[in-house]
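The chain contents come next:
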Amino acid sequence: SALAWCAAGSVDAIVCAVGPGLVGTGTPIGHGALSAAEALNAAVALGGDAILAPRISTADGRTRHRAVSHHVFAVLRLTLGPVAVPFPEGLTLEPGSITATERVDVDGWEDECAGLPLSTMGRGPGEDPWFFAAAFAAGRFARARLA
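Quick caveat: nothing in here was measured; it's all calculated off a predicted structure. (Residues numbered from 1 in each chain as written. Predicted model: local features only at pLDDT ≥ 70, side-chain atom pairs only at ≥ 80, totals over all residues. Heavy atoms only, no water.)

Asker: It is not clear to me how the overall build of the protein chain should be interpreted in this structure. Could you clarify?
Answerer: For the protein chain, the count of helices and strands is five helices and five strands. The order of α-helices and β-strands along the protein chain, N terminus first, is α-α-β-β-β-α-β-β-α-α. (Helix = DSSP H or I, 4+ residues; strand = E, 2+ residues; numbered from the N terminus.)

Below is the structure:
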């Protein structure tokens, strides 16, 4: 419904997110993050700009989630149109096989997010800063597209 409102011009942008507690099967396409592919495909089909905030971590102990998470690659393999993937400037990780990346200045993201209850997998911004910087980059990129 939110994407339909956006397509009708009632709102300028929609943020779709995958919630906590994803259950996976240990296979490349057996996890709840695939709902992001559905939202991206719907955005493209409705004539919108599809923007994916990549899941990036330098602190997650699980290999498949370190650097750019395997979830990101699985979602992108299932998208049917162009998807922008904002990537924080200053991050020394390479985006891997993600070809539609946009580098975004994330300087000052900590100040702009001060006071928000930020947490991922029990870690805060001090423990896994690039996770939060990547989400901020996607928001900043989307805001710039609206200007």
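Next comes the rest of the description.
Asker: Looking at this structure, I do not really get helix 2 (residues 35-45). What am I missing?
Answerer: Residues that lie three or four places apart on an α-helix share one face, since the helix turns once every 3.6 residues. Considered for burial, the residues of helix 2 that qualify are A36, A37, A39, L40, N41 and A43. Its buried side turned inward, helix 2 meets helix 1 (2-7), strand 1 (50-51), helix 3 (70-77) and strand 4 (83-88). (Buried < 20%, exposed > 50% of the residue type's maximum accessible area, 1.4 Å probe, protein only. Contact = heavy atoms within 4.5 Å.)

Asker: Got a minute to help me understand the environment of H31 in this structure?
Answerer: Position of H31 among the secondary structure elements: in the loop between helix 1 and helix 2. Residue H31 is classed as buried on the basis of its relative accessible area of 9%. Linking H31 and H71, residues 40 residues apart in sequence, is a C-alpha distance of 8.1 Å.

Asker: Explanation requested: the nonpolar core in the structure shown.
Answerer: The tendency in soluble globular proteins is for nonpolar side chains to be buried side by side. Counting 18 residues, the largest nonpolar core has L40, L52, I56, V68, V75 and V83 as the members making the most contacts within it. If you look at the next biggest cluster of nonpolar residues, it comprises 10 residues, including W109, C113, A133 and F141. (Core = buried A, V, L, I, M, F, W, Y, C linked by side-chain atoms within 4.5 Å.)

Asker: Help me out: how do you make sense of the confidence of the model for the protein chain in this one?
Answerer: Should the pLDDT be low somewhere, the predicted coordinates at that spot are not to be read in detail. Residues with a pLDDT of 70 or more make up 82% of the protein chain, whose mean pLDDT is 80. When the elements of the protein chain are averaged for pLDDT, strand 3 (residues 67-68) gives the smallest value, 70, and helix 2 the largest, 91. (pLDDT = per-residue confidence, 0-100.)

Asker: Sorry if this is basic, but what is going on with the sheet that holds strand 5 (residues 101-104) here?
Answerer: Across the sheet, which stays open at both edges, the three strands sit in the order 1-4-5 with parallel pairing between neighbours. Bordering the open sheet on either side are strand 1 and strand 5, each of which pairs with just one other strand. Where strand 1 and strand 4 come together, two bridges link them in parallel fashion. Residue pairing for strand 4: I51 is matched across the bridge by A84. The strands that helix 5 (residues 129-146) touches are strand 1, strand 4 and strand 5; relative to strand 4, the one it contacts most, it runs at about 130 degrees. (Pairing = 2+ DSSP bridges. Axes fitted to C-alpha atoms, helices over the stretch in contact; angles between N-to-C directions.)

Asker: Is there a simple way to think about the side chain of N41 in this case?
Answerer: Within the secondary structure layout, N41 lies in helix 2. In this structure N41 comes out as buried when scored by relative accessible area, which is 19%. At 3.1 Å, the side chain of N41 forms a polar contact with the backbone oxygen of L78. Sequence-distant contacts of N41, defined by excluding residues within four places in its chain, comprise L78, T79, L80 and G81. (Polar contact = N/O pair within 3.5 Å; in protein donor to acceptor, adjacent residues only side chain to side chain.)

Asker: What exactly am I supposed to notice about the environment of A7 here?
Answerer: Locating A7 in the fold gives a position in helix 1. In this structure the C-alpha to C-alpha distance between A7 and A45, which are 38 residues apart in sequence, comes to 9.8 Å.

Asker: What am I meant to see in the pattern of salt bridges here?
Answerer: Pairs may arise between side chains of opposite charge once their charged atoms sit close together. Applying the stated criterion across every chain yields a total of two salt bridges. Its salt-bridge partner being D49, residue R145 comes within 3.3 Å of it at the nearest N-O pair. Note that R145 is positioned in helix 5 and D49 in the loop between helix 2 and strand 1, a separation of 96 residues in sequence. Classification of R145 as partly exposed rests on a relative accessible area of 40%. A salt bridge links E112 to R140; the nearest nitrogen and oxygen atoms lie 2.9 Å apart. In this pair, E112 is assigned in helix 4 (residues 109-112) and R140 in helix 5, connecting sequence segments 28 residues apart. Note on E112: relative accessible area 49%, which makes it partly exposed. (Salt bridge = Lys/Arg side-chain N within 4 Å of Asp/Glu carboxyl O.)

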